[in-house]
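# What the coordinates show
Listed below, chain by chain, are the residues.
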Number of protein chains: 2
Amino acid sequence: MEIIYHIGSIPLFKGLPRPLLEDLAMIVVVQMFKKRQNIFTDGDDGNGFYVVISGRVKIFKASLEGKEQILHIFGPGEPFGEVPVFAGLKFPASAESMEESRIFFFPRDAFIGLIKKSPDIAMNMLAVLSRRLIRFTQLIENLSLKEVPGRLAAYLLYLNKLNKGSQDLELDISKGQLASLLGTIPETLSRILGRMHKTGLIESDGPRIKIVDVKGLENLAVAGGRL
Amino acid sequence: MEIIYHIGSIPLFKGLPRPLLEDLAMIVVVQMFKKRQNIFTDGDDGNGFYVVISGRVKIFKASLEGKEQILHIFGPGEPFGEVPVFAGLKFPASAESMEESRIFFFPRDAFIGLIKKSPDIAMNMLAVLSRRLIRFTQLIENLSLKEVPGRLAAYLLYLNKLNKGSQDLELDISKGQLASLLGTIPETLSRILGRMHKTGLIESDGPRIKIVDVKGLENLAVAGGRL
DNA sequence: CGTGGCCTTGATAAAGTTCAAGAGCCGTGG
DNA sequence: CCACGGCTCTTGAACTTTATCAAGGCCACG
C-alpha cells in the first residue's frame, strides 16, 4: 500500500520490521495543507505528532507585535510536534505550512503503545529529539553570542555545506523568512547583505548568492567576528 | 546500598523495578567536583551522561570574547549531558560545577543496553528531552522576541511561581550569573533592576527581591511589554 | 585593615529597530 | 497589451536598546 511505502521511507522509522510499519499504517491519519495554513498554534493541546511527507513546514514563535522567530523549517521525512507526546500536552510553538504539503499525523496513545513494543522506535525518537536540542543550542548561541552578520555568515556556510561545497547558492526561502530564521528583520538583513557584497565576501543577485570569500565568512561566523 | 538509594530517587529512574536499579548501580561511576570545576567542554566527545546528586551544575555556551550564555542550571536529581548518548558524540555545550557537587556518571553503551530492556527508561528519557526542548523554546523566545526587562520580569515571575506565589524572593545565583542566564551583562541587569525599583515594580536589597506589582511584571514579561 | 570580588553608576559607542518612502516584480483584469 | 495593485525588497534617517569602557563603592575574608 502507498501509505506503508511512505512510512517506511521516514528516517524515524528506518529499519523497522514490516509488521511494525503495518501497525503504524493502521494509526496514521493523512492530512493535506495548502500554502500558509495553520497546523497548530503555540499553547494548543497536542494529542499526537506529525511527519512531513511532501512540502515544507515552519515551526515558529510569534510575539504580540507581529515579529516571529522561526525555530525550524522541516521538509519531507522530518517529524515535528513531538513534544506534547512525551511532556505535558501543549505545543511550545506554532506550525504553519510554507507550501502545499502532505502530512502524516500519528495519534499519541497508539504511538506510545508501539514505542513500548519497540525499543528501536524509542531509540530513533531519542536521536531525533537530541538532534533538535543540538539545533536549538546553536540557535541560542547565534542569538545570544553572535551579531546578525555572524548569524548570516553561519547560515551561508551551512548552505554551502549542504551543497557539497558549491559556492553558488540559491535561497529557498524569502529574505523576509530568512530574517525571521536569523532572529532579525528584513531591513537589517538587507543592509548586511549589502555590506557583505561591498566588502567582497559575497556576490548577490536576488535569491542567488555567490560566496566569494569562504575564509572571511568563517571568520565572521565565529562568535566574535566583525564585519 | 547507598548508591541504589540515590539512583532510586532520581526522577528519570522513578518507578523502575529493583533489578533494573541494581543494573544501573553496576554501571554508575561516582564523581566529585569542587566549586567552579569543568565537567565537560563544548565539542568534547561524550561517552555517557550525568546526574547531579548534590550541588549544582551549569550548562553554558561561551564565546571567544568571554561572554557566556547559561542554558541550564541543574540541581539534585537532574540529568545532563545526554545528547551525545543519542545523537552524534559531541557535547553541544560546556558544563561546570557551581559549587562542590557529587555527580553520577552513566556510561553510554551499558546504559543503551538497559534502555533496550526497559521501555520505561526510554519513556522517561523522552520526557526529559522533551521538557528540555520546551525550556529551550522559551529561552529562544526570550532572546529573540523580548528585551532584557521582559526577560528579567519573566524570571522573577518564574521564581514567584516556584515559591508558591510568595512575593519575597531570594536570588540563589549571583547577579553576574543571572545576567548570563538572561542573555545580557551585569551592568545592564543592574540598571534594569534599578529601573524596576524606581518604577515601583519591585523592591530590591542585594539578593533579596520583593515583587511589589505582579500585574506590572506580567505585562512586561509578555513579548512586547515596555518598561 | 587592606585586597579582591561583585555590584553599581556614568559617559560613550555600537548595533539593531522603527518609520517612511520608493524601486522592482508579477499576476490580474480591463 | 498595458496598467494597476499588491507584494517583497531596498535604502535612508532618526531613535532605542544594549554593550563597552572606566571608575568607584561595598563587603567579606584573610
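Residues numbered from 1 in each chain as written. Chains lettered and ligands numbered in written order. Predicted model: local features only at pLDDT ≥ 70, side-chain atom pairs only at ≥ 80, totals over all residues. Heavy atoms only, no water.

Our next topic: the relation of the copies chain A and chain B. With an axial shift of 0.0 Å and an RMSD of 0.1 Å, the rotation relating chain A to chain B amounts to 180 degrees. When the rotation and shift are considered jointly, the pair of chain copies conforms to a two-fold rotation axis. Of the interface residues in chain A, 100% have counterparts in chain B that sit at the interface too, so the contact is made through matching surfaces. (Least-squares fit on C-alpha atoms with pLDDT ≥ 70 in both. Contact = heavy atoms within 4.5 Å.)

The next thing to look at is the protein's contact with DNA strand D. Lining the immediate surroundings of DNA strand D are 17 residues, of which Arg191 of chain A together with Val148, Thr184, Ile185 and Arg191 of chain B lie closest. If you look at DNA strand D and keep only atoms within 4 Å of the protein, 57% of those are sugar or phosphate atoms. Contact between DNA strand D and Glu187 of chain B: a base nitrogen at 3.3 Å from a side-chain N or O atom of the residue. Here a phosphate oxygen of DNA strand D and a side-chain polar atom of Thr188 of chain B are 2.9 Å apart. Residues that form the surface near DNA strand D fall into these classes: three nonpolar, six polar and eight charged. (Near = heavy atom within 4 Å. Polar contact = N/O pair within 3.5 Å; in protein donor to acceptor, adjacent residues only side chain to side chain. Nonpolar A, V, L, I, M, F, W, Y, C, P; charged D, E, K, R; others polar.)

Once that is clear, we can look at the domain arrangement of chain A. A common way to report how large an interface is uses the accessible area buried once the components associate. Residue and element names in this part refer to chain A. On domain assignment, one finds that chain A holds domain 1 (2-129) and domain 2 (145-223). Between the C-alpha centres of domain 1 and domain 2 there is a distance of 29 Å. Carbon and sulfur atoms make up 47% of the surface buried where domain 1 meets domain 2, a total of about 680 Å² over both sides. Looking at the side of domain 1 facing domain 2, the largest losses of area belong to Arg56, Lys67 and Ile70, adding up to 51% of the total buried there. Applying the counting criterion to the domain 1 and domain 2 interface returns one salt bridge. Seen at the junction of domain 1 and domain 2, the total is seven residue pairs in polar contact (both at pLDDT 80 or more). For the side of domain 1 that touches domain 2, the leading source of residues is strand β5 (residues 68-74), giving four residues. (Domains from an automatic or database assignment. Buried area = accessible area lost by both parts, 1.4 Å probe. Salt bridge = Lys/Arg side-chain N within 4 Å of Asp/Glu carboxyl O. Helix = DSSP H or I, 4+ residues; strand = E, 2+ residues; numbered from the N terminus.)

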